[in-house]
Amino acid sequence: MITQLALPQIQHNVVLAPFTTYKIGGPADAFVTVTSKDELVTAVRSAREHDIPYFLLGTGANILIGDQGFRGLVIHNRAQHVSIAGTSLTAESGATIAELIAVSAEKGLSGFEHFAGIPSSVGGAIWQNLHFLAPDRIETLFIEGIVESAEILDIRGDRRIVVREFFEFGYDDSRLHHEEIIVLDVTFALSEKPTEEIMAQARANLEWRARRQPPVKEFPSCGSVFKKIEGVGAGRLIDQVGLKGYQLGGIQISPKHANFLVNLGGGTARDVMELVRDAQQEVRRQTGYELEMEIGLVGEF
Ligand SMILES: Cc1cc2nc3c(=O)[nH]c(=O)nc-3n(C[C@H](O)[C@H](O)[C@H](O)COP(=O)(O)OP(=O)(O)OC[C@H]3O[C@@H](n4cnc5c(N)ncnc54)[C@H](O)[C@@H]3O)c2cc1C
């Protein structure tokens with residue numbers, strides 16, 4: 001029972017929409033914000049001990065939370081401590097990539113700027129193997145490229161240090177998808193570069209994004225909804241079948257980028273799911289391709 005959770009500052013019936021980039025999602029039965037990896041461990045161990053379903057929330061940029069919310073405990077990860085030794089940076093898993101770009105650039109350390117403009121916590125970045133186009137705009141850079149080691153909490157409740165290979169990174173994939181592993185902190189191997197060059201790359205990425213994608217502050221979304229289809233492009237297929245700009249309830253297939261289903265205000269998880277089904281059906285009917293969702297579905301719909 002939720003009442004057995006003896007966590008400080010626990011709240012009940014907390015609406016989750018404001019904690020996601022989609023601004024969608026009903027209430028969590030219980031909600032706790034953790035501000036250090038030790039608090040994160042305590043919250044997870046406590047939920048496991050009492051057999052209470054839990055969900056670990058980073059910046060909420062790769063999930064759609066159901067309109068009925070989450071039956072269990074949502075752990076909002078704000079463990080954000082960062083330390084730097086030489087060219088190694090260690091960040092707790094609730095630190096955001098935006099913050100890491102700022103602190104590392106200031107020290108003349110390069111690596112994170114390639115992911116500028118992507119809302120993500122460190123934990124979420126490991127979960128999905130965060131990626132973006134390299135400066136040549138041909139190759140793709142993955143966060144795994146700068147991961148050195150990490151501290152994790154494993155399914156048995158033990159804390160241990162693991163190296164990059166442990167995560168078995170793939171495209172939009174890591175071991176975290178398949179096992180109940182909690183990332184507590186990550187040590188990244190960065191390289192030295194002048195601050196101005198790092199910032200110039202971060203700006204170039206932000207500009208690239210602004211030209212092609214709807215800005216998330218104005219048009220809440222969770223980025224690309226459908227998985228990449230190599231050499232074809234899920235967004236291009238949706239565009240090709242004439243659905244760009246199509247709206248259902250408060251959700252619209254972005255006229256700027258058809259793989260972004262944006263919340264125009266008051267959009268619900270149900271609207272998103274109906275629009276997803278419409279897009280899948282139309283693309284299948286007209287082209288034969290199957291669109292597969294890439295975002296995580298959380299809670300009750
Ligand atoms: C506008 C926009 C643009 C985007 N562009 C890109 C892009 O270019 N490239 C890209 O790769 N992605 C992109 N995304 C998707 C998203 O930003 C990434 O997937 C990001 O890594 C999600 O991180 P998060 O902290 O928000 O994770 P959340 O959405 O909060 O969580 C995602 C999953 O990770 C798990 N998780 C979080 N923290 C931990 C932890 N410490 N330990 C274990 N599991 C954990 C959660 O439980 C959940 O299952 C975009 C999203 C938006 C909104």
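Here the structure is a predicted model, which is why all the values come from computation and not from measurement.

Chemist: Explain the sheet that holds strand β7 (residues 88–92) residue by residue, including any values.
Modeler: The strand order β6-β7-β13-β11-β12 describes an open sheet built from 5 strands, whose pairing is antiparallel. In this open sheet, the two strands that pair with only one neighbour each are β6 (82–85) and β12 (159–163). This sheet shows a mean twist of 15° between the axes of neighbouring strands, independent of strand direction. Here 5 bridges tie β7 to strand β13 (residues 182–189), and the two strands are oriented antiparallel to one another. Bridge pairing in β13 links Ser-88 to Ala-189. Most of the contacts of helix α1 (residues 37–49) go to β13, to which it runs at about 150°, and overall it touches β7, β11 (147–153), β12 and β13. The strands that helix α2 (residues 97–106) touches are β6, β7 and β13; relative to β7, the one it contacts most, it runs at about 150°.

Chemist: Please provide a residue-by-residue account of the pairing of β7, values included.
Modeler: The pairing of β6 with β7 spans 4 bridges and is classified as antiparallel. Its bridge partner being in β7, Ile-84 is matched across the sheet by Leu-89. Two successive antiparallel strands, β6 and β7, enclose a turn made up of 2 residues, where Gly-86 displays a positive phi of approximately 65°.

Chemist: Any chance you could break down the sheet that holds strand β2 (residues 27–34) for me, citing the residues and the numbers?
Modeler: Read from one edge to the other, the open sheet built from 4 strands follows the order β1-β2-β5-β3, with strand pairing classed as mixed. Edge positions in the sheet fall to β1 (11–15) and β3 (54–57), since each has one partner strand and no second. Pairs of neighbouring strands in the sheet enclose a mean axial angle of 40°, with direction left out of account. Sheet topology places β3 next to strand β5 (residues 70–77); 4 bridges connect them, and they run parallel.

Chemist: So, the domain arrangement of the protein: which residues are in play, and what are the values?
Modeler: A common way to express how large an interface is: the accessible area buried when the components associate. Taken domain by domain, the protein consists of domain 1 (2–77), domain 2 (82–212) and domain 3 (234–293). Residue-level contacts link 17 residues of domain 1 with 19 residues of domain 2. Here domain 1 meets domain 2 over a buried area of about 1,400 Å², counting both sides, of which 50% is carbon and sulfur. For the domain 1 face of the interface with domain 2, the top three residues by lost area are Lys-37, Arg-48 and Thr-59, together amounting to 39%. Across the domain 1-domain 2 interface, the total number found is 4 salt bridges. Across the pair Glu-180 and Arg-48 runs a salt bridge, and its minimum N-O distance is 3.3 Å. Connecting domain 1 to domain 2 are 10 residue pairs in polar contact (both at pLDDT 80 or more). Those elements that place two or more of their residues in the side of domain 1 that touches domain 2 are α1 and β3. The greatest single-element share of the side of domain 1 that touches domain 2, amounting to 7 residues, is contributed by α1.

Chemist: How would you sum up the site of the ligand? Please name residues and give values.
Modeler: Around the ligand, a shell composed of 34 residues is seen, among which Leu-56, Thr-59, Pro-119, Ser-121 and His-131 lie nearest. Ser-121 is positioned such that a nitrogen or oxygen atom in its side chain is 2.6 Å from an oxygen atom of the ligand. Residue contributions to the shell around the ligand peak at 5 residues, all from helix α3 (residues 122–128). Classifying every residue of the shell around the ligand by side-chain character gives 18 nonpolar, 15 polar and 1 charged. Two domains each donate at least three residues to the shell around the ligand, and these are domain 1 (2–77) and domain 2 (82–212).

Chemist: Quick one: what's the story with helix α4 (residues 195–212), residue by residue and with numbers?
Modeler: Structurally, the α-helix is built with 3.6 residues per turn, so residues lying three or four positions apart point the same way. Here α4 is 18 residues long and its end C-alpha atoms lie 26 Å apart, about the 26 Å a rise of 1.5 Å per residue gives. Within α4 the residues assigned to the buried category are Ile-198, Gln-201, Ala-202, Asn-205, Trp-208 and Arg-209. Burial along α4 is one-sided: seen end-on, the buried residues are contained in an arc of 120°. Residues of α4 that are exposed and point over 90 degrees away from its buried face: Glu-196 and Arg-211. Residues of α4 that are buried sit in contact with α2, β8 (109–110) and β9 (131–133).

Cut-offs used in this document
- Residues numbered from 1 in each chain as written.
- Predicted model: local features only at pLDDT ≥ 70, side-chain atom pairs only at ≥ 80, totals over all residues.
- Heavy atoms only, no water.
- Pairing = 2+ DSSP bridges.
- Helix = DSSP H or I, 4+ residues; strand = E, 2+ residues; numbered from the N terminus.
- Axes fitted to C-alpha atoms, helices over the stretch in contact; angles between N-to-C directions.
- Contact = heavy atoms within 4.5 Å.
- Domains from an automatic or database assignment.
- Buried area = accessible area lost by both parts, 1.4 Å probe.
- Salt bridge = Lys/Arg side-chain N within 4 Å of Asp/Glu carboxyl O.
- Polar contact = N/O pair within 3.5 Å; in protein donor to acceptor, adjacent residues only side chain to side chain.
- Near = heavy atom within 4 Å.
- Nonpolar A, V, L, I, M, F, W, Y, C, P; charged D, E, K, R; others polar.
- Expected span 1.5 Å × (residues − 1).
- Buried < 20%, exposed > 50% of the residue type's maximum accessible area, 1.4 Å probe, protein only.
- Arc of directions from axis to C-beta.

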